[in-house]
Amino acid sequence: MTETTNGHGYEVLFRRHEANPILTAAEWPYPAHTIFNAGATRLADGTTLLLCRVEDRRGHSHLCAARSPNGVDSWAIDPEPTLKPDVANYPEELWGIEDPRITFLPELGKYAVAYTAFSKGGPGVALALTEDFRSFERYGLIMQPDDKDAAVLPRRVDGMFALIHRPMTDLGAHIWISYSPDLRNWGGHKLLLQARRGAWWDANKVGLSSPLIETERGWLMLYHGVRQTASGALYRLGVALFAFDQPDHCLLRGDSWIFGPERSYECRGDVANVVFPCGQTIGSDRDTINLYYGAADTSMCLATGSIREILRWLDAHGAPGETSERRD
Ligand code: BMA
């Protein structure tokens, strides 16, 4: 029987796969220090593709595709980096490219990959389109530093593409939404979800985790909240729901975190106490979320959840009105 509550009496909404970590640097076909924060998608033939962040011993990252028939094992890893920084043409990629989020855009028949380009000016948001994860059409930097944690919505809203992202502004590290007619020119910026303050688990810094999930009740967002403690940061996962035709309107935001570092592979590694999902696939039942997350900035892991269960939890533990005011 699957457990519904943990040892502390809290509901379990994401269940870790027993094969975790499912991908590590030890499996890599070429020298790699760590494998983490992969974007994820299911290809037309049912293959699960993870576009992994691979960090080398310089500390620089690139992206490498791993494909599996079941999304758990038998990974076929590209023998060489799939998408490397192209510093000659995109100087903002000088210190590497990181944390991709993949969205399939039916309108274009292409995947949009939003990733972090690490430049001298700090991290910015870059975009590339691909049909096959072998060749990429780069759009360059679409949000200047300091900005990251970005993903495109799968379809237009009111005729516009939409991008979720996390600029650092004088207001703080909050999640924003911006709109574009062509994926190149972005405007209409709006604050979407603010970090809370004080003792809250998501005080001071939040960011999008995996791309938004389309549900019958709206866009479901998994986001990370960062709590600064005396022994470092704690990266945990929360959830919010946004109106379908008005994605800048927050319908519900959960009060507590629903998934956090617990296992040794999440608590030990290059950066301790980090779970950091950048992608998911949805099961054929259209309810199961296969959530792929980086653990401790070191390996790739998998946990599964249910859209229905998360929405039910949000009804019990969520409150509306996040757009206009912060629930301090
Ligand atoms: C964030 C990002 C992630 C990383 C996390 C924890 O700011 O840079 O790539 O996983 O910190 O180190």
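Residue positions are given per chain, counting from 1 as you read along its sequence in written order. Per-residue local features are limited, in this predicted model, to residues with pLDDT of at least 70; the limit for side-chain atom pairs, both in listing and counting, is 80 or more; totals at the level of whole chains, interfaces and linings are taken over all residues.

Enquirer: Go over the overall build of the protein with me, naming the residues and quoting the values.
Expert: Secondary structure elements follow DSSP: runs of H or I no shorter than four residues count as helices, runs of E no shorter than two count as strands, and numbering proceeds from the N terminus. Helix and strand counts for the protein stand at 2 helices and 23 strands. C-alpha atoms define the radius of gyration in this analysis, and the globule rule sets the expected value at 2.2 Å times the number of residues to the power 0.38. The C-alpha atoms of the protein give 18 Å as radius of gyration, which agrees with the globular expectation for 328 residues (20 Å, within 12%). Overall, the protein is about 50 × 45 × 45 Å in size when its C-alpha atoms are taken along their principal axes. Within the protein, buried positions represent 47% of all 328 residues. For the protein, the proportion of contacts with a sequence separation of at least 24, taken over those separated by at least 6, is 49%. Burial is judged by counting other C-beta atoms within 10 Å of a residue's own C-beta: 20 or more means buried, 12 or fewer means exposed, and anything between counts as partly exposed, with every C-beta placed from the backbone. Here, residues touch in the contact sense if the C-beta positions derived from the backbone fall within 7 Å of one another.

Enquirer: Tell me about the site of the ligand, and name the residues and values.
Expert: We call a residue near a molecule or strand when the C-beta position, derived from backbone atoms, sits within 6 Å of it. All residues adjacent to the ligand are Asn37, Glu98, Asp99, Tyr235, Val271, Val274, Phe276, Gly294 and Asp297. Its residues assigned to classes, the shell around the ligand comprises 4 nonpolar, 2 polar and 3 charged. Each residue is assigned to one of three groups, with Ala, Val, Leu, Ile, Met, Phe, Trp, Tyr, Cys and Pro labelled nonpolar, Asp, Glu, Lys and Arg labelled charged, and all others, Gly among them, labelled polar.

Enquirer: Pulling in residues and values, what's your account of the nonpolar core?
Expert: To define a nonpolar core, we join buried Ala, Val, Leu, Ile, Met, Phe, Trp, Tyr and Cys residues through C-beta atoms within 7 Å and take the resulting set. Core analysis: the biggest nonpolar cluster contains 90 residues, and Leu51, Cys52, Ala114, Met221 and Met300 have the highest contact counts within it. Top element by residues in this core is strand β7 (residues 110-119). It accounts for 7 residues. If sequence neighbours within four positions are ignored, Ala114 has contacts with Pro100, Arg101, Val125, Leu127, Ala150, Ala151, Val152 and Leu163.

Enquirer: Can you tell me about unusual backbone geometry, naming the residues and giving the values?
Expert: The omega angle of the peptide bond from Asn20 to Pro21 is -10°, so this bond is cis rather than trans. Residue Pro145 is joined to Asp146 through a cis peptide bond whose omega torsion reads 0°. Although it is not a glycine, Phe133 sits at a positive phi angle of roughly 60°. By secondary structure assignment, the location of Phe133 is in the loop between β8 (122-130) and β9 (136-143).

Enquirer: Just give me the short version of the sheet that holds strand β2 (residues 34-42), but keep the residues and values in it.
Expert: DSSP calls a pair of strands paired once it identifies at least 2 bridges connecting them. Strands sit in the order β2-β3-β4-β5 across an open sheet of 4 strands; the sheet is antiparallel. Each of the sheet's edge strands pairs with one partner strand only, and the pair in question is β2 and β5 (76-77). Where strand β3 (residues 48-55) lies against strand β4 (residues 61-68), 8 bridges are found, and the strand directions are antiparallel. Among the inter-strand pairings, Cys52 is bridged to a residue of β4, identified as Cys64.

Enquirer: I'd like a description of the sheet that holds β8, backed by residues and values.
Expert: The strand order β6-β7-β8-β9 describes an open sheet built from 4 strands, whose pairing is antiparallel. The sheet is open, and its two borders are formed by β6 (97-105) and β9, each paired with just one other strand. Taking each pair of neighbouring strands and ignoring which way they run, the sheet shows an average axis angle of 25°. Relative to β7, β6 runs antiparallel, the two sharing 7 bridges. Angular values range over 0 to 180 degrees, each being the angle between N-to-C directions of two axes fitted as lines to C-alpha atoms, with helices fitted over their stretch in contact.

Enquirer: Describe helix α2 (residues 307-317), and please don't skip the residues or the numbers.
Expert: Looking only at α2, the buried set comprises Ile307, Ile310 and Leu314. Buried residues in α2, looked at end-on, bunch into an arc of 65°, giving them a common side. Seen from the buried face of α2, the exposed residues on the opposite side, beyond 90 degrees, are Asp315 and Ala316. Starting at the helix axis, one direction is taken to each C-beta atom, and the arc is that of these directions.

Enquirer: Talk me through the pairing of strand β10 (residues 147-152); I want residue IDs and the actual numbers.
Expert: Strand residues, when the strand is regular, have side chains that alternate between the two faces of the sheet. In terms of residue burial, β10 counts as a mostly covered element, since 6 of its 6 residues are buried. The sheet contact formed by β10 and strand β11 (residues 161-169) spans 4 bridges and is antiparallel. Residue pairing across strands places Lys148 opposite Arg166, the latter belonging to β11.

Enquirer: So what's going on with the environment of Gly225? Residues and values would help.
Expert: With respect to the helices, strands and loops of the structure, Gly225 is situated in strand β17 (residues 218-229). With 74 residues separating them along the chain, Gly225 and Ala151 place their C-alpha atoms 17 Å apart. What Gly225 contacts, discounting residues up to four positions off in sequence, is Trp201, Asp202, Val206, Arg236, Gly238 and Trp257.

Enquirer: Describe the pairing of β4, with residues and values.
Expert: With respect to burial, β4 is a largely interior element, 6 of its 8 residues being buried. Following β3, the chain reverses through 5 residues before pairing antiparallel with β4; Gly59 in that reversal takes a positive phi of roughly 100°. Across 2 bridges, β4 lies against β5 in antiparallel orientation. Pairing of Ala66 across the sheet is with Ile77, part of β5.

Taken by themselves, the reported measurements are silent on function.
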